[in-house]
Amino acid sequence: GESVGLHLPTLSVQEGDNSIINCAYSNSASDYFIWYKQESGKGPQFIIDIRSNMDKRQGQRVTVLLNKTVKHLSLQIAATQPGDSAVYFCAEAANFGNEKLTFGTGTRLTIIP
Amino acid sequence: DTAVSQTPKYLVTQMGNDKSIKCEQNLGHDTMYWYKQDSKKFLKIMFSYNNKELIINETVPNRFSPKSPDKAHLNLHINSLELGDSAVYFCASSQVRGRYSPLHFGNGTRLTVT
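Remember, predicted model here, so these are calculated numbers, not experimental data.

Rules behind the numbers
- Throughout, a residue's number is its position along its own chain's written sequence, starting from 1.
- Written order determines the labels here, with chains lettered from A and ligands numbered from 1.
- Given that the model is predicted, a residue must reach a pLDDT of at least 70 before its local features are reported, and side-chain atom pairs must reach 80 or more before they are shown or counted; all residues, however, enter totals for whole chains, interfaces and linings.
- Based on all heavy atoms of the structure, the side-chain values leave hydrogens and waters out of the count.
- The numbering of helices and of strands both runs from the N terminus, where a helix is a DSSP run of H or I of at least 4 residues and a strand a run of E of at least 2.
- Under the scheme applied here, a residue whose accessible area is under 20% of the maximum for its type counts as buried, over 50% as exposed, and between as partly exposed, the area being computed with a 1.4 Å probe on protein chains only.
- It only takes one pair of heavy atoms within 4.5 Å for two residues to be counted as in contact.
- Joining two parts hides part of their accessible area as seen by a 1.4 Å probe, and the buried area is that hidden amount summed over both.
- We count a salt bridge whenever a side-chain nitrogen from Lys or Arg sits within 4 Å of a carboxyl oxygen from Asp or Glu.
- We call two N or O atoms a polar contact when they sit within 3.5 Å, provided that within protein one can donate a hydrogen and the other can accept it, with sequence-adjacent residues counted only if both atoms are side-chain atoms.
- Two strands form a pair only when DSSP identifies at least two bridges running between them.
- Under this scheme, a helix contributes an axis fitted over its contacting stretch, all axes are lines through C-alpha atoms, and angles between N-to-C directions fall in the 0 to 180 degree range.
- Here, the term disulfide refers to a pair of cysteine sulfur atoms separated by no more than 2.5 Å.

**Student:** Can you tell me about unusual backbone geometry, naming the residues and giving the values?
**Tutor:** The omega torsion of the bond from Thr7 of chain B to Pro8 of chain B falls at -5°, within 30 degrees of zero and hence cis. Tracing the chain through its elements places Pro8 of chain B in the loop between β1 (4-7) and β2 (10-13). The phi dihedral of Ala79 of chain A is positive, around 45°, even though this residue is not glycine. Structurally, the position occupied by Ala79 of chain A is in the loop between β7 (72-77) and β8 (86-94). With a phi angle near 75°, Lys41 of chain B is a residue other than glycine that sits in the positive phi range. Counting through the fold element by element, Lys41 of chain B comes out in the loop between β4 (31-37) and β5 (43-50). Residue classification places Lys41 of chain B among the partly exposed residues on the basis of a relative accessible area of 23%.

Encoded structure:
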């Protein structure tokens, strides 16, 4: 992921709405992408991953979209719940799979009750 | 049944001291890592070990020395602590090196150097 500045980007979404978190990556050789969720005081928690031979992957309430042409990754969360409030990170790795995962800046998602 | 556990959770110490952080994983994974998260939440890899062998050392000062007594443990020892070492340190593990399997993280150790 690329740096988007000094402050953590934020996104506020009404409870029950869908949210989309975006991530731009810079390494065209990246072939593995992961989304992590980090709650306060905890470590990053795996949400979903996708390899570069796919452009979409779905999990429970989450969908990851990969656009290799513009080097863009997004995480869609359906029907957001208060427990979805956290910082979300995209991470990328190239050539060697998971060995050297590079993390993006992170986006703070706040769910408004 | 914690998967990746680190101790201690908080570590407050003075400049110049030496401290250690311990990490254990019970997932049966082959590869373990140390990541550093700064005050802006940026996560950066420090070290990676595969079956007790160091495979990644990301330009970390040699005051930081990882040690892996077995593939389930990866400890981090820091000598002569400096103010800039204050951060949250995360241990992680993954099933197979160089394959498409995600990293599993511990809950971090918040190190504060005064």
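Next comes the rest of the account.
**Student:** Explain the interface of chain A and chain B to me, and be specific about the residues and the numbers.
**Tutor:** Taken together, the contact pairs 25 residues of chain A with 25 residues of chain B. Carbon and sulfur atoms make up 56% of the area that chain A and chain B hide from each other, which totals about 2,100 Å². If you look at where chain A meets chain B, you find zero salt bridges. There are six residue pairs in polar contact (both at pLDDT 80 or more) connecting chain A and chain B. Broken down by secondary-structure element, the contributors of at least two residues to the side of chain A that touches chain B are β3 (30-38) and β4 (45-51) of chain A.

**Student:** Let's hear about the sheet that holds strand β3 (residues 19-25) of chain B: which residues, and what values?
**Tutor:** All names here are of chain B. Spatial ordering of the open sheet is given by β1-β3-β8-β7, a layout of four strands whose pairing is antiparallel. At either end of the open sheet lies a strand with only one pairing partner, and these are β1 and β7 (64-70). Here the average twist between neighbouring strands, direction ignored, is 20°. Sheet topology places β3 next to strand β8 (residues 73-78); four bridges connect them, and they run antiparallel. Bridge assignment links Ile21 to a residue of β8, and that residue is Leu76.

**Student:** Describe the state of the cysteines, with residues and values.
**Tutor:** As used in these notes, a disulfide is a covalent bond between sulfur atoms, one from each of two cysteines. Residues and elements named next belong to chain B. In the structure shown here, the tally under the stated rule is two disulfides over all chains. Put simply, Cys23 and Cys91 are joined by a disulfide, and their sulfur atoms are 1.9 Å apart. Across the S-S bond linking Cys23 and Cys91, the dihedral sits near -75°, which makes this disulfide left-handed. Of this pair, Cys23 sits in strand β3 while Cys91 sits in strand β9 (residues 87-94), and the two are 68 residues apart along the sequence. For the pair Cys23 and Cys91, one class covers both residues: buried.

**Student:** Go over the sheet that holds β7 of chain A, please, and point to the residues and values.
**Tutor:** Residue and element names in this part refer to chain A. The strand order across the open sheet built from four strands is β2-β7-β6-β5, with neighbouring strands paired in antiparallel fashion. Only two strands of the sheet have a single partner each, and these edge strands are β2 (19-24) and β5 (56-58). With strand direction ignored, the average angle separating the axes of adjacent strands in the sheet is 15°.

**Student:** Can you tell me about the pattern of salt bridges, naming the residues and giving the values?
**Tutor:** All chains considered together, the criterion is met by five salt bridges over all chains. In this structure, Asp84 of chain A and Arg61 of chain A form a salt bridge, with 2.9 Å as the shortest nitrogen-oxygen distance. Taken together, the residues Asp84 of chain A in the loop between β7 and β8 and Arg61 of chain A in the loop between β5 and β6 (62-67) connect sequence positions 23 residues apart. Residues Glu82 of chain B and Arg63 of chain B are paired through a salt bridge, measuring 3.4 Å at the closest nitrogen-oxygen approach. Of this pair, Glu82 of chain B sits in the loop between β8 and β9 while Arg63 of chain B sits in the loop between β6 (53-57) and β7, placing them 19 residues apart in sequence. The network of salt bridges with common partners includes Arg63, Glu82 and Asp85 of chain B.

**Student:** Could you give an account of the environment of Ser30 of chain A, with specific residues and numbers?
**Tutor:** Residue and element names in this part refer to chain A. Locating Ser30 in the fold gives a position in strand β3. Sequence separation of Ser30 and Ala91 is 61 residues, and the distance between their C-alpha atoms is 9.8 Å. One polar contact links Ser30 to Glu92, side chain to side chain, over a distance of 2.4 Å.

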